[in-house]
Amino acid sequence: MKIVSGNRQLGILLSGRGSNFAAIADRIAAGALDAEIALVISDQESAPGLAEARRRGLETAFVPSAGRSRESFDRAAVERLQEHGVSLVCLAGFMRILGPFFVRAFPMAILNIHPSLLPAFPGLDAQKQALEHGVRFSGCTVHLVDESLDGGPIVSQAVVPVLDGDSVDDLSARILDAEHQIYSDAIGRILDGRCALDGRRVRVGDSHE
Ligand code: GRF
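What comes next concerns the included structure. (Residues numbered from 1 in each chain as written. Predicted model: local features only at pLDDT ≥ 70, side-chain atom pairs only at ≥ 80, totals over all residues. Heavy atoms only, no water.)

With that settled, consider the sheet that holds strand β1 (residues 9-14). Overall, mixed pairing links the seven strands, which are arranged β3-β2-β1-β4-β5-β6-β7 in an open sheet. The outermost strands of the open sheet, each flanked by one partner alone, are β3 (60-62) and β7 (154-161). The mean angle between the axes of side-by-side strands here comes to 20°, regardless of whether they run parallel or antiparallel. In terms of strand pairing, strand β5 (residues 110-114) meets strand β6 (residues 137-144) through four bridges, oriented antiparallel. Across the sheet, Ile113 pairs through a bridge with Val142, a residue of β6. Sheet strands touched by helix α2 (residues 48-55): β1, β2 (36-42) and β3. Its angle to β3, the strand with the most contacts, is close to 150°. Here helix α3 (residues 70-83) sits on the sheet and contacts β1, β2, β3 and β4 (88-91); the angle it forms with β2, its principal contact strand, is near 160°. (Pairing = 2+ DSSP bridges. Helix = DSSP H or I, 4+ residues; strand = E, 2+ residues; numbered from the N terminus. Axes fitted to C-alpha atoms, helices over the stretch in contact; angles between N-to-C directions. Contact = heavy atoms within 4.5 Å.)

Given below as structure tokens:
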């Protein structure tokens, strides 16, 4: 089953710093990723990533999440994304779990980036979990979002070494460099229609058009 796509309009959801968003936007600006960022949504009004999106002249929306139900947030965000013709939603440091309403509105068309080699270390503080576990390698994962926590089919992964003496910040920075590489690559492959789902395995080939 081919994954996505329709147009090349991306919707970005973020809650914080937004370096993955900025890396995607830079790739697009450099002509290395054929896509358009139609809308950047944040659930945090003061997210630096939202300010950066405004600075870049992109459409932005603050959709508050505090004090409202998951479904109410999901409905408001989905409405905005649909209004802007988004076909692929990219979570980029979005710190909220999406509910069934959102996931069903964009079937196999939501990506997330997670700072570990899933299924190891899902959830919060993945880099700290990896250090505490003592793994020699960690990395990052781009995956499709379903209703599980960090459990959807894996699109792409990159491995980075864990060095003796690494702090959480050291490891996080090393992983972040890899995140910035693989997220745009994965988005490009999906938009090019090169990914198909076979069970849980995302097969990457030539265009599946
Ligand atoms: C990244 O480590 C990403 O893997 C995780 O949240 C962090 C977001 O960083 N989901 P940034 O906001 O993109 O800089």
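Within this structure, the stated rule accounts for 12 salt bridges. Of the charged contacts, one joins Asp192 and Arg8 as a salt bridge, the two residues approaching to 2.6 Å between their closest N and O atoms. Linking Asp192 in the loop between α6 (168-191) and β8 (195-198) with Arg8 in the segment before β1, this pair joins segments that are 184 residues apart in sequence. Between Asp166 and Arg174 there is a salt bridge, with its nearest N and O atoms 2.7 Å apart. With a relative accessible area of 14%, Asp166 lands in the buried category. (Salt bridge = Lys/Arg side-chain N within 4 Å of Asp/Glu carboxyl O. Buried < 20%, exposed > 50% of the residue type's maximum accessible area, 1.4 Å probe, protein only.)

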